[in-house]
Amino acid sequence: MAIGVLSLLGFQLVDSAFIARLGTVPLAAQSFTFPLSFLIIGIQVGMGIAIAALISRALGAGEKDRAKRLSSLVLMAGGAVIACLGMLLWAFQIPIFSLLGAESNTFGYLRSYWPPQLLAAWLGALLYFVYSVFRAHGDTRLPGKMMVITSLINLALDPVLIFGVGPWPGWGLPGAAWATAIAFGIGLLVTGGRLWKRGWAAREGLWQEGRQSWRPFMGIAAPAMVSQLMPPLAAMLAISVVAGLGESQVAAWGLASRLETLSLMVILAMTMSLPPWLGRCYGAGDWDQIHRLLRLALGVAVVWQLTLGILLALGAPWLGMALAGNPDVQDELVLLIRFLLPSYAALGVCMLVVSAGNALGWPLRAMLLSAARLFVCYLPCLWLGEQLAGWWGLAAGAALGNVFAGLVAWLLLRRILSRPHRQAGVNAG
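Description of the structure in this document. Every value quoted in this text rests on a predicted model; they were computed, and no experiment measured them.

### With respect to the overall build of the protein chain
Then, number 1: Assigned secondary structure in the protein chain consists of 14 helices and two strands.
Then, number 2: Relative to the 2.2 N^0.38 estimate, which gives 22 Å for 429 residues, the radius of gyration of the protein chain is 22 Å and therefore close to what a compact globule would have.
Then, number 3: Overall, the C-alpha framework of the protein chain stretches about 60 × 50 × 35 Å when taken along its three principal axes.
Then, number 4: Buried residues in the protein chain amount to 55% of all 429 residues.
Then, number 5: Excluding contacts between residues fewer than 6 apart, the proportion of contacts in the protein chain whose partners are at least 24 apart in sequence is 80%.
Then, number 6: Total accessible area computed for the protein chain in this model is approximately 18600 Å², and 68% of it derives from carbon and sulfur atoms.
Then, number 7: Each charge sign in the protein chain was given a centre, from 27 positive and 16 negative side chains, and these centres are 13 Å apart.

### Here's the deal with the packing of helix 5 (residues 104–136) against helix 7 (residues 173–197)
The description of two packed helices rests on the angle between their axes and on the distance between the axes.
Then, number 1: With their axes 8 Å apart at the nearest point, helix 5 and helix 7 run at an angle of 20° to one another. In terms of their interaxial angle, helix 5 and helix 7 are classed as roughly parallel. Regarding helix 5 and helix 7, the two cross each other, and that crossing is left-handed.

### Notes on the packing of aromatic side chains
Then, number 1: Within this structure, the stated rule accounts for four aromatic pairs.
Then, number 2: Here the aromatic rings of F97 and W114 are separated by 5.5 Å at their centres, their planes lie at 80°, and the arrangement is edge-to-face. Remark: W114 occurs in helix 5 and F97 occurs in helix 4 (residues 93–99); sequence separation between them is 17 residues.
Then, number 3: Given a relative accessible area of 1%, F97 falls into the buried group.
Then, number 4: The class for W114 is buried, based on a relative accessible area of 1%.

What counts and how
- Residues numbered from 1 in each chain as written.
- Predicted model: local features only at pLDDT ≥ 70, side-chain atom pairs only at ≥ 80, totals over all residues.
- Heavy atoms only, no water.
- Helix = DSSP H or I, 4+ residues; strand = E, 2+ residues; numbered from the N terminus.
- Rg over C-alpha atoms; globule rule 2.2 N^0.38 Å.
- Buried < 20%, exposed > 50% of the residue type's maximum accessible area, 1.4 Å probe, protein only.
- Contact = heavy atoms within 4.5 Å.
- Areas by Shrake-Rupley, 256 points an atom, 1.4 Å probe, with all protein chains shown as cover.
- Lys, Arg positive; Asp, Glu negative; His and termini not counted.
- Charge placed at Lys NZ, Arg CZ, Asp CG, Glu CD.
- Axes fitted to C-alpha atoms, helices over the stretch in contact; angles between N-to-C directions.
- Parallel < 35°, antiparallel > 145°, perpendicular 65-115°, else oblique.
- Left-handed = near helix turned anticlockwise from the far one by under 90°.
- Phe/Tyr/Trp six-rings, centres within 6.5 Å; stacked < 30°, edge-to-face > 60°.

This is the structure:
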């Protein structure tokens, strides 16, 4: 999963690196779409968490036919939900982007880029739902391989569709979205065919299954989706603060957002792989193993992210030149890298505690911790830093907010695990 996440997030960063060569305004236009893309991803991830949980439970109970029906339902219902959301985001694009702070010179780029980007997001959501079905059946190898393959296809198509080749002109900014859509479409054809060949989907009994399963589905999906939707909402608020500083700052913030997800690949992989393991221990009442797993995961998060953050901060000038073509954007990006990357050690702790909370039966606490991270720690520090010291203060404030969030998460986890029946050495559920 770490390899798959690296490749998937890597090609998003590659998109931004190619688009940066088109100029500051196209890169800023792409940056304005990030919060809305995160909104779509938040809904699809919440639905994916719920359906994977229900399918794995059905398989554990020996209900293979029900697992097949659930697989079909998530593909149809999930695809319909994301399609409706995409149409709404397309219909109201002008007021939405205006609220985010987009200026008139970016709207021309947004009008041509947003429709194919929404298509790519819909195909990516369908592909994610298929991946969730495979993971529920215990197969993480094929999703990991397909993440790598689709990223390579996107990497090959990006320069061709953006800049053109030979006598064929490129499509500019929309070319990046079409490259992503084609890559996801190929991945969906391959994985969908494998899914059907393995007999993990059904055609009959879907209506009755939907009536039976919608309550437990929403019981898991609702808090998960709320937790997943808070980051895009916070991203919208953050970019509205950044937009007041200028286009080069917006462009740098967009590149830093891509770099953030890429640098957190190990944490993201652990948030996918750790919950099933914790869930099995929770079901067995094995709190000794839960304590060991969490100590190991949090130790890896801190050591890995702090080491990576320091190394990237030291190499920030060269990284800025590699990712941004405009010298002004490079300078703004270097400052962000030096402040934000080391702070992701604390952010990783918070992400893992939220993931563990969902797996160990504390979904409400996990949701509240997500809200506190963004709206109590991160955004207030970011806004206050910008008010006090402009761009420098914004970068320092965002980093300080991440540190506060990690500290709050660690204190909350210690408090929860200190309860008698959850302490190490006590095997009671």
